Amino acid sequence: MAKKVDKYLGKKMSRSEPPNFSGQHLMHNKRLINEIVNKSQVSKQDLVLELGAGEGALTTILSEKARKVLAVEYDEKFVDKLEQIPANNIKIIHNDILRISLPKEPFIVVSNIPYAITTNIMKMLLNNPNNKLERAFIVMEKGASKRFTASIVRDSYVMAWRMWFDLKVERSISRECFSPPPKVDSALLSIRRKKSPLVPYRNKNALHLLLSFGLKYPNAPIEQILKAIFTVPQAKKARQAIKCEPEKTVKSLSAQQWAILTETLVRYVPRNKWPKQRKK
């Protein structure tokens, strides 16, 4: 039987505290569920983290493929159903998704997540490249998947993810595949860690500061932003290095160009002259 472990990951949440998300939309299309698991290429060597396990439709299939499944679920009635799954390699974490700690060993995420906390979940998984996430296959609201993979990026954290991970929309998913059906269509987003990161993990803080500063002004000319960070000679060399015309806007910069600017910042600008942390 699936084993319930309230404190397996992170701090236990008081039963008096409400969850930080609204109801989940449960997948009921068995063909779709099997397709998602097959795309994830889960094997008997893998530890799988499932965020928002619901009634266990995906959990059951994952348990047949994986070495171990960590099924995170807050709703008591769903936890009761998860406990009935006849598998010994499932650990049920009865907790709020955003309060768990990620596994300390390499892991894969395969999940149909609560849409209301999509961005927060993505930040939890991708903001720190030093974690042990290898890849992920996540069902989410289609609009969110488009924002995370758009050619023009306005959110600094989305651009930062692209330094360390490849994000791709694998397929669209009709709202009719869920119960209750959401108001919008969904998509399957794949995430794979890059073999060669564009920015070294040790420079992640410099990257976050640079992106946070630069993308505050997405429509500003690149030359204006460069001169706010670098000396005039440094700004000229940086613009030549990214091979970009001065009148181009900040939002037009690619991940590769931001990576070059981050290297320039780390190499030539004293730390006390770096852009300041953006106030929340």
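Note that this is a predicted model, so its numbers are computed, not measured.

Asks: Can you tell me about the environment of Lys132, naming the residues and giving the values?
Replies: Mapped onto the secondary structure, Lys132 falls in the loop between α4 (118-126) and β7 (133-141). Here Lys132 falls in the partly exposed class, since its relative accessible area comes to 41%. On a C-alpha basis, the gap between Lys132 and Phe107 in space is 6.2 Å, while along the polypeptide they are 25 residues apart. Those residues in contact with Lys132 that lie beyond four places of it in its chain are Pro103, Lys104, Glu105, Pro106, Phe107 and Arg193.

Asks: How would you explain the nonpolar core if you had to name every residue and give the values?
Replies: If you look at the biggest cluster of nonpolar residues, it comprises 63 residues, and the most contacted ones within it are Leu51, Met122, Leu125 and Trp258. Element by element, the count of residues in this core is highest for helix α7 (residues 204-214), at six residues. Once residues within four sequence positions are removed from consideration, Leu51 is found in contact with Val72, Ile97, Ile100, Val109, Ser111, Asn112, Ile113, Pro114, Ile121, Met124 and Leu125. Core analysis: the second largest hydrophobic core is formed by 29 residues, Met27, Val48, Val69 and Ile173 among them.

Asks: Any details on the pairing of strand β4 (residues 68-73)? Residues and values, ideally.
Replies: Counted residue by residue, β4 has five buried out of six residues, so it is predominantly covered. Pairing of strand β3 (residues 47-51) with β4 involves five bridges; the strand directions are parallel. Note that in β4 the partner of Glu50 across the bridge is Ala71. Viewed along the sheet, the connection from β3 through helix α2 (residues 57-65) into β4 turns out right-handed. Relative to strand β5 (residues 90-94), β4 runs parallel, the two being bridged by five bridges. Bridged to Ala71 within β5 is Ile92.

Asks: Residue-level account of the pattern of salt bridges, with values.
Replies: The full count for this structure, using the stated rule, is 14 salt bridges. When the shortest N-O distance is used, the salt bridge between Arg67 and Glu105 registers 2.9 Å. Here the residue Arg67 occupies a position in the loop between α2 and β4, and Glu105 occupies one in the loop between β5 and β6 (107-112), the gap between them amounting to 38 residues. Judged by relative accessible area, Glu105 falls into the partly exposed class, the value being 36%. What emerges from the salt-bridge pattern is a single network uniting Lys39, Glu170 and Arg192.

Asks: Talk me through helix α5 (residues 142-149); I want residue IDs and the actual numbers.
Replies: Along α5, the residues that are buried comprise Ala144, Ser145 and Phe148. Down the axis of α5, the buried side of the element spans an arc of 100 degrees, and every buried residue falls inside it. The opening residue of α5 is Glu141, an N-cap whose side-chain oxygen sits 2.7 Å from the backbone nitrogen of Gly143.

Asks: Quick one: what's the story with the side chain of Gln257, residue by residue and with numbers?
Replies: Tracing the sequence through the fold places Gln257 in helix α10 (residues 255-268). Residues within four places of Gln257 in sequence aside, it is in contact with Ile242, Lys243, Cys244 and Ser252.

Asks: Report on the packing of α4 against α5, specifying residues and quantitative values.
Replies: Two quantities define a packed helix pair, namely the angle between the axes and the distance from one axis to the other. Between α4 and α5, the shortest axis-to-axis distance is 11 Å and the interhelical angle comes to 40 degrees. By the criterion of interaxial angle, the relationship of α4 to α5 is oblique. Between α4 and α5 lies a crossing of right-handed hand. Across the interface between the two elements, Thr118, Thr119 and Met122 from α4 touch Ala144, Arg147 and Phe148 from α5.

Asks: Provide a residue-level description of α7, including the pertinent values.
Replies: Of all 11 residues that make up α7, eight are buried, and the element is covered over most of its length. Burial in α7 covers these residues: Ala206, Leu207, Leu209, Leu210, Leu211, Ser212, Phe213 and Gly214. For α7, the secondary structure elements touched by its buried residues are α6 (156-161), α8 (222-229) and α10.

Thresholds applied
- Residues numbered from 1 in each chain as written.
- Predicted model: local features only at pLDDT ≥ 70, side-chain atom pairs only at ≥ 80, totals over all residues.
- Heavy atoms only, no water.
- Helix = DSSP H or I, 4+ residues; strand = E, 2+ residues; numbered from the N terminus.
- Buried < 20%, exposed > 50% of the residue type's maximum accessible area, 1.4 Å probe, protein only.
- Contact = heavy atoms within 4.5 Å.
- Core = buried A, V, L, I, M, F, W, Y, C linked by side-chain atoms within 4.5 Å.
- Pairing = 2+ DSSP bridges.
- Right-handed = clockwise from strand over helix to strand, strands pointing away.
- Salt bridge = Lys/Arg side-chain N within 4 Å of Asp/Glu carboxyl O.
- Arc of directions from axis to C-beta.
- Polar contact = N/O pair within 3.5 Å; in protein donor to acceptor, adjacent residues only side chain to side chain.
- Axes fitted to C-alpha atoms, helices over the stretch in contact; angles between N-to-C directions.
- Parallel < 35°, antiparallel > 145°, perpendicular 65-115°, else oblique.
- Left-handed = near helix turned anticlockwise from the far one by under 90°.

Function cannot be read off these values alone, since they describe shape.
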